[in-house]
Structure formats: C-alpha cells, structure tokens
Amino acid sequence: MELNNLTIKRADELLRERQVSAVDLTEYYLKNISEKNRGLNAYLEVFEDAKLSAVEADSRRALGEDGPLLGIPLAIKDNILIEGHIASAGSKILQNYKAVYDATVITKLKGAGAVFLGRTNMDEFAHGSSTENSAYGVTRNPVDTDRVPGGSSGGSAAVVSGDMAVASLGSDTGGSVRQPASLCGIVGLKPTYGAVSRHGLIAMGSSLDQIGPLTKSVDDAEIIFNIIRGMDPMDSTTREYPLGRDIPGKMKLAIPKGFVGKGVAPEVLENFNATVKRLQLKGYQIDEVELSNIKYALPCYYVIMPAEVSTNLARFDGVRYGLHVDGANLMEDYSKSRAHGFGAEPRRRIMLGAYVLSAGYYDAYYKKAQEVIGLIKRDFSKVFSDGYSAIITPTAAGPAFKIGEKFSDPISMYLEDVFTVSANVTGVPAISVPMGFAERDGKKLPLGFQIMAPHFREDILFKIGRDAEF
Ligand code: GLN
C-alpha cells in the first residue's frame, strides 16, 4: 500500500480500518529516515524504542481503544524533554543530558498513544531562523538541499516535508514553528501564550515560548493542538482552554497598512494577494487597517528575548547540567564550561541580554521595549474589537535561502522574523499555511500565509486556514 505523504487524518483512517498497523507505519518512516536522513540531517537521533511504542499502540487498539493519535509516528524537537532520552537543544553544553521527566506535552501525547520516532535538529537553544546555528550541523531543506529549512525548528519542518514523520512538534518564541513551516511547504501553529504547557520545554524566552505542531494540513494541526492544550499545574501561565465559542459566519480580516511590501520578494506579494482574492471569493471582507506599532515588534523582540535568554541560560554552569570543563577554581569552572559549551549565537544573545538588563540601561531598553509592546497589544485589541476576526500577513519575506547566505549577517537573519514576532510579543495564536511558490534555480520553493487571531481563538485560525490552504 502507498503510505507516502500521509496526513494524521488519513493514517488514522487506515489504522481504524485495520489496513495498516502502527508497526507498519513506524517501519515505513524508519525506512524513509534510513534512506534520507544522512543527506538532510533532520533527525539528531532515531529512537530505538519507536517500534516498541508502535507495538504497544497496536495492542491498545486491539483492546478496543481508539483516538486520532493512537499509533501515529511523530518527531519531537530536541528541546522538549522525553524521559530517558537525550535533549540537547542543539547545543554542545547539553550533549549528554538525559531528561529525567516527560514534558507535559509528551505525557499527553503518550497518553494519546503517539509513537516518537526521534528528536529533531534545531538552532542551538532555538536561536535562529535557519538551523545553521545547531552544534550538530545544518539541516537541509528537502525541497532544495542547497537551502535551509528555516529555523529554529528546521529539523521538525524537514522531517514532515521530507516524509520522515507524519507530523512533529516544534517550539516558537519568535516564529520558529511558522517560518520553517513556510520554508518547507507545510502548516505550523503557534498557540496562544498559555494554551499549551511549557513544562519540560528547555526555555528560551519564557514570556514568548510556546510549543506547537508542524503538520501536512490544518486539520492535523488541530488534532495535535486539541491533545496538547490545556491547563497544567506545572506551568502557572497556562489557562483552562475555553471551548464552544461561535465562529462568525462572515469574517472580516485585517492587513496591517503599509507593513506588507518593503523588502518582500515579489512572489510573496503575488501569492499573498492571490490568497486574499481567494478568501474574498469565499465571502471574507478584507481591509487594510492601521496597526501603526506593529513595525516595532521586531526591535522590541530583539531586546526582550535576549534579556530572557541571558536569564534562562544562566543555569548552564557546568555543575548541574551537561558539559563540565575543569578550571583552577569554581569561577573558572563556570567560565570554561560556558565558553566551551555555548556556540556563537547563544553567546551573542547572553551578552546582549546582560547589557539590556544592566543598571542604567534597563530603563532605556528593556522597560522601553515593554512599553512599546503595550502599544502593539493595544493596536491588536482595537482591530479585534472593531470586528476583525484575524490579522493576515505573509509568514516570511521570502522563500528558503541558500545555506550560508545569511549566516554571517545576523541582522539579515533577524529580519526573517519580521512578520512572526508580533504574535509572540502580544501572545496571540498564529498559523502558517502554504500559499504557493517562488521559483529559484528551477525549483519551486514554498511560501507561507500567516493568520493571527485573538487570544484562545485557534478555532478561527483553523477555519480561515482551511479556507486559505493551498
Ligand atoms: N528566529 C527567531 C530568533 O532567532 C525566533 C526563534 C524562535 O522562535 N525560537 O530568535
């Protein structure tokens, strides 16, 4: 039977109809991984116990259990803890760190009977937009192996796009689920801040981080989201997920005025406009709307995020976790372990973060950025209270770029996040769905369409996402 490019929905049908078993599915992906992963470097490790979990899922089904993820093979980003498995966050400093507990999302997925195939490559500590910052080598984009898959969840995007997993989990602090989804031609969801527990996610920027699914369809993103969401006593920022709200019959969508244009590839604009037209034909009213502070989301993010990064990475001192390098005294132990363990990008962010938090600069940078974020939040609330159900933009300003193209120019790399970060600083949910292609070197490179909705209105994202889906 043809198993290629299965969605969760289709795989679940096949499992229910007993046309395949979880073991068959798992073997199919393990074979694909063994053929493709050497070239793509998307998995850092394939789990030896994957087959065993598949056997277990099959016996649960044989006993009458059912569920949309029972026996579905998934991949997990290397910064989400699975008990007994290494979680290195793409860093040398955690090279041999074995998780001693399951992240809450993992507990939920295990409960649902998902099979974990392995852990996926990522930019070190999720710092980046290309996966080039991994201590374990770059991941290649399956669509064009000379190009990056995006980042930081590049491995999680590449395994789905390259058919080495049905779906995967990533984390999104400034766009790390949506931008790689866009560059690899799949769907990526960043849930509302507080909708999904961060317990067991190696923290990057704690006020911004959310775990989200990367999938082949909007339906699949919804399936995973419905399993992983919900209040968790281990993460005090989570809330009981509100259910049962109505979706407006005729929706109005907002395009931030003057924001989508500058520095954007022509094919991105063409496909964005074409998607807008398609949605209009389906009855959506789409207007350009004033969101005058959205352009400040990127500079604010690059103040707040490093501040939180420097704080979160302070715990990696060579004593409690991971790599230890001996020095003459304790201070030297710390500095040598950190100097050996962290790559260039985390070091850059630790220094930036320590600077913006230091006495005398805190008010000028950190506090100012928080104030401006307050204005962006106010703009968003105004648009939503004016009757707009969502704000739409492209996900990224261009298609996948060549490996090495932006690596030595951090600013051009940071500009990859221009459309995605506003959802993180405001906490609203956002999804990227495929919206066509840009041709480069004779290859059709995928592009993404981003939708942002009010807090806890993922249902609106799924509805518009399905209508926009290419
Ligand atoms: N590309 C962004 C950054 O480098 C976002 C990273 C993320 O979401 N983890 O910070």
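Definitions and limits used
Residues numbered from 1 in each chain as written. Predicted model: local features only at pLDDT ≥ 70, side-chain atom pairs only at ≥ 80, totals over all residues. Heavy atoms only, no water. Helix = DSSP H or I, 4+ residues; strand = E, 2+ residues; numbered from the N terminus. Rg over C-alpha atoms; globule rule 2.2 N^0.38 Å. Contact = heavy atoms within 4.5 Å. Areas by Shrake-Rupley, 256 points an atom, 1.4 Å probe, with all protein chains shown as cover. Lys, Arg positive; Asp, Glu negative; His and termini not counted. Charge placed at Lys NZ, Arg CZ, Asp CG, Glu CD. Near = heavy atom within 4 Å. Polar contact = N/O pair within 3.5 Å; in protein donor to acceptor, adjacent residues only side chain to side chain. Nonpolar A, V, L, I, M, F, W, Y, C, P; charged D, E, K, R; others polar. Pairing = 2+ DSSP bridges. Axes fitted to C-alpha atoms, helices over the stretch in contact; angles between N-to-C directions. Salt bridge = Lys/Arg side-chain N within 4 Å of Asp/Glu carboxyl O. Buried < 20%, exposed > 50% of the residue type's maximum accessible area, 1.4 Å probe, protein only. Right-handed = clockwise from strand over helix to strand, strands pointing away. Expected span 1.5 Å × (residues − 1).

A. Local environment of the overall build of the protein chain. Scanning the protein chain from N- to C-terminus turns up 15 helices and 11 strands. In terms of C-alpha radius of gyration, the protein chain reaches 21 Å, essentially the compact-globule figure of 23 Å for 470 residues. By its C-alpha atoms, the protein chain is 70 × 60 × 50 Å across when sized along the principal axes. The contacts in the protein chain between residues at least 6 apart in sequence include a share of 75% that link residues at least 24 apart. In the structure as shown, the protein chain presents an accessible area of about 17,900 Å², 53% of it carried by carbon and sulfur atoms. Computed over 53 positive and 57 negative side-chain charges, the inter-centroid distance for the protein chain is 4 Å.

B. Summary view of the site of the ligand. As a matter of local geometry, the ligand sits amid 16 residues, with Ser129, Thr173, Gly174, Ser176 and Tyr301 nearest to it. Side-chain polar atom of Ser129 to a nitrogen atom of the ligand: 2.8 Å apart, as the coordinates give it. Protein contact buries 99% of the 290 Å² of open area that the ligand shows by itself. The element contributing the most residues to the shell around the ligand is helix α9 (residues 297-312), with 3 residues. Per-class residue counts for the shell around the ligand are 5 nonpolar, 8 polar and 3 charged.

C. Representation of the sheet that holds strand β5 (residues 187-190) within the structure. Taking strand neighbours across the sheet as the criterion, the 11 strands line up as β1-β3-β2-β4-β6-β5-β10-β11-β9-β7-β8 in an open arrangement whose pairing is mixed. Either end of the sheet is taken by a strand with one partner, and the two such strands are β1 (43-46) and β8 (285-289). Pairwise comparison of adjacent strand axes, ignoring direction, gives a mean angle of 30° for this sheet. Where strand β2 (residues 73-77) lies against strand β4 (residues 167-172), 3 bridges are found, and the strand directions are parallel. Looking at the pairing, Ile76 lines up with Leu169 of β4. In this fold helix α5 (residues 154-161) packs onto β1, β2, β3 (115-120), β4 and β6 (210-215), with an angle of close to 155° to the strand it touches most, β4. Contacting β5, β7 (252-256), β9 (388-394), β10 (430-440) and β11 (443-452), helix α15 (residues 458-468) crosses the sheet at an angle of about 25° to β10.

D. Expanded view of the pattern of salt bridges. Going through the model one piece at a time under the given rule, you end up with 32 salt bridges. Taking the shortest distance from any N to any O, the salt bridge between Asp459 and Arg457 comes out at 2.9 Å. One salt-bridge network, in which partners are shared between bridges, spans Asp144, Arg147, Lys402, Asp441 and Lys443.

E. Structural view of the pairing of β2. Along β2, 5 of the 5 residues are buried, which leaves the element largely enclosed by surrounding structure. Residues of β2 alternate between two faces, with Pro73, Ala75 and Lys77 on one and Leu74 and Ile76 on the opposite face, all of them buried. The pairing of β2 with β3 spans 5 bridges and is classified as parallel. If you follow Leu74 over to β3, its bridge partner there is Phe116. In terms of handedness, the path from β2 via helix α4 (residues 104-111) over to β3 forms a crossover that is right-handed.

F. Looking closely at helix α8 (residues 266-281). The terminal C-alpha atoms of α8, which comprises 16 residues, lie 23 Å apart, in line with the 22 Å expected from a rise of 1.5 Å per residue. What α8 keeps buried is the set Glu267, Val268, Asn271, Phe272, Thr275, Val276 and Leu279. Where α8 is buried, its residues touch β7, β8, β9, β10, β11 and α15.

G. The pairing of β10, seen in detail. Counted residue by residue, β10 has 8 buried out of 11 residues, so it is predominantly covered. When β10 meets β11, the two strands line up antiparallel, connected through 9 bridges. Among the inter-strand pairings, Ala438 is bridged to a residue of β11, identified as Leu445.

H. Layout of unusual backbone geometry. Cis geometry marks the peptide bond from Gly151 to Ser152; its omega dihedral reads 5°. Phi is positive for Asp441, which is not a glycine, with a value near 50°.

Honestly, it's all geometry; don't read function into it.
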